[in-house]
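Structural overview
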Amino acid sequence: MKFRFIILLLIAIAGCFAACKKFVDIEPAPELINSEKVFANDATALSAMNGIYIKLRSFSLSLTNGGLSIYTGLSADEIYNTASSSLYDPFFKDSIPVDNNTIHRNFWTESYANIYKVNAVLEGLQQSTLLTDSVKTGLLGEAKFIRSLYYFYLVNLFGDVPLVTSTDYELNQSMPRSPVAQVYQQITTDLEEAERQLPTAYPSAGKVRVNRWAATALLARVYLYQKAWQRAEEKASAVIGSGLYTLVANPANVFVKNSSETILEIAPQNESGNTAEGANFIPSSATVRPPFALTNSLLNRFAAGDQRKASWTKVNLVGGIPYHYPFKYKVKSSPSVTEYNILLRLAEQYMIRAEARTYHGNLSGAVSDLNVVRSRASLPATNASTQPTILQVIEEERAVELFSEWGHRWLDLKRTGRIDQVLGAIKPSWRSTAALYPIPFAQLQLNVFLTQNPGY
């Protein structure tokens, strides 16, 4: 119990110390010494929740701060590192050792540490009888959304994972891996409850805290991944029909703070930095190689005249060699913050609905959704008219619309069963078991009830 009190103290103080004013303009509460006091009033409870948001972007290239865009982009067919690197080579070659520190620290340990903090906040909220009902209910929904977000990515990266839903440290440290289906059930439950508990309006200025439509949008994706086509369509349709979001007409303006297309974005830890993607993808000058370049596989997917290529990629010519790199986020570093990390946006919802409609027979509706996205890119309407051809267009559209964003391509290749065919054709060392990342060896040593993924 004492350990939980310390954790909650750190959450509340860290959240307010770093950027609390960004959300609710609450000063740090120096009297926070245990969970009863943290959740004794609305202000300190909000401080604790703000601490959770801050953790989403407090560790560079973690799962929720650029790591998925870079590391899974290397694992898939989107980007390659332009110089040999012991840090990046294992991901590009899909030969990650079990003692890889990035997997252990950036993805596993950081995620579970933050899940523990979310669980502590959930328990504190549930036990409190002193909070305003609307504040308590909304914060419960926000915390459940964030927990579901972490588990969505963990289960898609590693397969079966421990399903930690409490702060019982003794139980957690010896927990075995839960089956994928069980983890997805928890994700779905959390999101469905969050959807009911969250307000439709954003709880603070901008789009940096979760509202109901953010939960609905992530739920649409979760249903899509589970092949629950009708539910995926229903949720995507709800977001599209909400009237709160519209596609940005010019692709160059999509990835700016608080754009009309954004459903949820993650603010930086403080107002001194933009995005991890911008900081890592954009080279230091026009005369040097970018750290990461787009693969020919991705570049060849862009049709002639596709404004996404013109707006979202850039090229440096170095030594006579063109290096194309991701340029969705256009700020490498700046004293003013104009770009937040966009977690959910409307274009994905159109493509979710298109895919769901294709599988349950509404082909004309699917084509209509695809053409909305294609039109924004200045492309003509697709002439696909059968289920196989429409699904092929969906794959191509997702690849060029969502590249270098949150691991979409890596996860798409896996969930559609296309990963062996696609990566086997372009990566000589590809093996099917590489579709799942290894469980960190250090965790296997700490917890004898964990097992390793096949092939490692």
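This text follows the structure it describes.
Criteria and cut-off values
- Residues numbered from 1 in each chain as written.
- Predicted model: local features only at pLDDT ≥ 70, side-chain atom pairs only at ≥ 80, totals over all residues.
- Heavy atoms only, no water.
- Helix = DSSP H or I, 4+ residues; strand = E, 2+ residues; numbered from the N terminus.
- Rg over C-alpha atoms; globule rule 2.2 N^0.38 Å.
- Buried < 20%, exposed > 50% of the residue type's maximum accessible area, 1.4 Å probe, protein only.
- Contact = heavy atoms within 4.5 Å.
- Areas by Shrake-Rupley, 256 points an atom, 1.4 Å probe, with all protein chains shown as cover.
- Lys, Arg positive; Asp, Glu negative; His and termini not counted.
- Charge placed at Lys NZ, Arg CZ, Asp CG, Glu CD.
- Core = buried A, V, L, I, M, F, W, Y, C linked by side-chain atoms within 4.5 Å.
- Axes fitted to C-alpha atoms, helices over the stretch in contact; angles between N-to-C directions.
- Parallel < 35°, antiparallel > 145°, perpendicular 65-115°, else oblique.
- Left-handed = near helix turned anticlockwise from the far one by under 90°.
- Nonpolar A, V, L, I, M, F, W, Y, C, P; charged D, E, K, R; others polar.
- Polar contact = N/O pair within 3.5 Å; in protein donor to acceptor, adjacent residues only side chain to side chain.
- Salt bridge = Lys/Arg side-chain N within 4 Å of Asp/Glu carboxyl O.

1. Looking at the overall build of the protein
- Along the backbone of the protein there are 20 helices and six strands.
- In terms of C-alpha radius of gyration, the protein reaches 22 Å, essentially the compact-globule figure of 23 Å for 456 residues.
- For the protein, the spread of C-alpha atoms along the three principal axes comes to 60 × 50 × 45 Å.
- Within the protein, the proportion of its 456 residues that are buried is 60%.
- Here the analysis covers contacts within the protein between residues at least 6 apart in sequence; of these, 71% occur between residues at least 24 apart.
- With an accessible surface of roughly 17300 Å², the protein has 55% of that area assigned to carbon and sulfur atoms.
- When the 43 positive and 39 negative side-chain charges of the protein are each reduced to one mean point, those points stand 3 Å apart.

2. Considerations on the nonpolar core
- Ranked by size, the top nonpolar core spans 117 residues in total, and within it Phe145, Tyr151 and Phe158 carry the most contacts.
- Beyond its immediate stretch of four places on either side in the chain, Phe158 contacts Ile103, Phe107, Trp108, Arg177, Leu436, Tyr437, Pro438, Ile439 and Asn453.
- If you look at the next biggest cluster of nonpolar residues, it comprises eight residues, including Val367, Ala384, Val393 and Ile394.

3. Quick look at the packing of helix α7 (residues 133–158) against helix α10 (residues 212–225)
- Between α7 and α10, the shortest axis-to-axis distance is 11 Å and the interhelical angle comes to 25°. In this view, α7 runs roughly parallel relative to α10, as classed from their interaxial angle. In the crossing of α7 with α10, the sense of the turn from one axis to the other is left-handed. Where α7 approaches α10, its residues Phe145, Ser148, Leu149, Phe152, Tyr153 and Asn156 are matched on the opposing element by Ala214, Ala215, Leu218, Arg221, Val222 and Tyr225.
- In terms of residue class, the contact of α7 with α10 is made up of nine nonpolar, two polar and one charged.

4. Thoughts on unusual backbone geometry
- At Asp94, a residue that is not glycine, the phi angle is positive and equals roughly 50°.
- Among the structural elements, Asp94 can be located in the loop between α5 (89–92) and α6 (101–127).
- Assessed through its relative accessible area of 3%, Asp94 is described here as buried.
- A positive phi angle is found at Lys227, which is not glycine, with a value near 65°.
- Within the fold, Lys227 resides in the loop between α10 and α11 (229–240).
- A relative accessible area of 48% places Lys227 in the partly exposed class.

5. Structural notes on the side chain of Asn280
- Here Asn280 lies in helix α12 (residues 276–281).
- A polar contact of 2.7 Å, which involves the side chain of Asn280, links it to the backbone oxygen of Ala276.
- Each residue touching Asn280, except ones within four places of it in the same chain, is listed here: Leu61, Ile70, Pro291 and Phe292.

6. Describing the packing of α10 against helix α18 (residues 408–415)
- Remark: α10 packs on α18, axes separated minimally by 11 Å, with the N-to-C direction vectors making an angle of 35°. Counted together, Arg221, Leu224 and Tyr225 of α10 and His408, Leu411, Asp412 and Arg415 of α18 form the full contact between these two elements.
- When grouped by side-chain class, the residues that make up the contact of α10 with α18 number three nonpolar, one polar and three charged.

7. Section: the pattern of salt bridges
- Under the counting rule described, the total for this entry stands at 28 salt bridges.
- A salt bridge links Arg353 to Asp369; its shortest N-O distance comes to 2.8 Å. Of this pair, Arg353 sits in helix α15 (residues 346–359) while Asp369 sits in helix α16 (residues 363–376), and the two are 16 residues apart along the sequence.
- Arg374 is the partner of Glu397 in a salt bridge, and the nearest nitrogen-oxygen pair spans 3.0 Å. One end of the pair, Glu397, is in helix α17 (residues 387–401); the other, Arg374, is in helix α16, and 23 residues separate them in sequence. Accessibility classification places Glu397 together with Arg374 in one group, the buried group.
- The structure contains a network of salt bridges with shared partners spanning Glu261, Asp306, Arg308, Lys328, Arg345, Arg374, Arg376, Glu397, Glu401 and Glu405.

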